[in-house]
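Structural description and commentary
Below are the chains, spelled out letter by letter.
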Amino acid sequence: SSQDGDGKSSESLMDAPAPPPSTTTSSFTAMNESQVNTVFDISIPYSIASDAKKYSVEVQSFSIPAQYRYFCAPKMDRDAFLLARITGWDKLNLISGEANIFYEGTYVGKSYINTRSSSDTLAISLGRDKNVVVTRIKQSELCEKKVIGAQKKETLVFEINVRNKKKQEIEIEIEDQYPLSSIKEIEVELLESSGAKVDAVTGKMSWKLKLTTGE
């Protein structure tokens, strides 16, 4: 800094701190979007060997918050899947495609990002977690069949159990479905839903649970 004739101090531009160096390609990438395509212009050169091998080039890098929740539909698959739910994804101009998933610094496999969605929340699967155990068991002793005249009545009972073997509390969504009849001679009635949110049009039943360690 220096003083002029009026005794006022002024800051010298030479003393201003230099901006931090760029560490990602995002700082050198300009995106131009039109009605039919999106072009990413990268202003720094890359050297790629001409050996007919595949190489990955980082175009942009984002760090965005996510909410984590497990999901399981034991009627279809007994494994619980960890989902990352992301909001504000529509501002990133993502393209649908295959994604490599790293969880806690370890490569866990591939997933698929589907951006063709009108929802404001994008769900990305981070794979199966064997520390969340889900079972769906038919309770044979509670099932029964009755014949009354020309009518037959059958009662089916299923029990779903969820156990958290992880060291922290988790949130999990369980989905099941009871059958619907498209024939007027066959009637289907849901006798018990155990507190599930029920969609009578599709027959879908869903539970949202919080489970502590070992619960």
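Right, let's walk through the structure included here. (Residues numbered from 1 in each chain as written. Predicted model: local features only at pLDDT ≥ 70, side-chain atom pairs only at ≥ 80, totals over all residues. Heavy atoms only, no water.)

On to the overall build of the protein. Helix and strand counts for the protein stand at zero helices and 16 strands. Residues counted as buried form 22% of the 215 residues belonging to the protein. Within the protein, contacts between residues separated by at least 24 positions form 51% of all contacts whose residues are at least 6 apart in sequence. Summed over all atoms, the accessible surface of the protein reaches about 16,800 Å², with 50% contributed by carbon and sulfur. (Helix = DSSP H or I, 4+ residues; strand = E, 2+ residues; numbered from the N terminus. Buried < 20%, exposed > 50% of the residue type's maximum accessible area, 1.4 Å probe, protein only. Contact = heavy atoms within 4.5 Å. Areas by Shrake-Rupley, 256 points an atom, 1.4 Å probe, with all protein chains shown as cover.)

Our focus in this paragraph is the side chain of D79. As for its position among the elements, D79 is in strand β6 (residues 77–87). Engagement of the side chain of D79 in a polar contact is seen with the side chain of R128, the distance being 2.8 Å. At 2.8 Å, the side chain of D79 forms a polar contact with the side chain of K130. (Polar contact = N/O pair within 3.5 Å; in protein donor to acceptor, adjacent residues only side chain to side chain.)

Turning next to the side chain of Q139. Locating Q139 in the fold gives a position in the loop between β10 (132–138) and β11 (144–148). A relative accessible area of 14% means that Q139 is categorised as buried. At a separation of 3.3 Å, a polar atom in the side chain of Q139 contacts the main-chain carbonyl oxygen of I137. Aside from chain neighbours lying at most four places away, what touches Q139 is V157 and E159.

This part covers the pattern of salt bridges. Opposite charge on two side chains permits them to pair, given that their charged atoms come into close proximity. Taken as a whole and judged by the stated rule, the model has eleven salt bridges. A salt bridge links R128 to D79, with the nearest nitrogen and oxygen atoms 2.8 Å apart. With R128 in strand β9 (residues 121–129) and D79 in strand β6, the pair connects residues that are 49 residues apart, well separated along the chain. A salt bridge links R136 to D176, with the nearest nitrogen and oxygen atoms 2.7 Å apart. Linking R136 in strand β10 with D176 in strand β14 (residues 170–177), this pair joins segments that are 40 residues apart in sequence. Each member of the pair, R136 together with D176, is buried. When salt bridges that share partners are traced, they join R69, R85, E171, E173 and K210 into one network. (Salt bridge = Lys/Arg side-chain N within 4 Å of Asp/Glu carboxyl O.)

It is worth spelling out unusual backbone geometry at this point. Trans peptide bonds make up the majority, and among non-glycine residues the majority have a negative phi. One non-glycine residue, A52, lies in the positive phi region at around 65°. You can call A52 exposed: its relative accessible area is 82%. Although it is not a glycine, S194 adopts a positive phi angle of roughly 55°. Along the chain, S194 falls in the loop between β14 and β15 (197–199).

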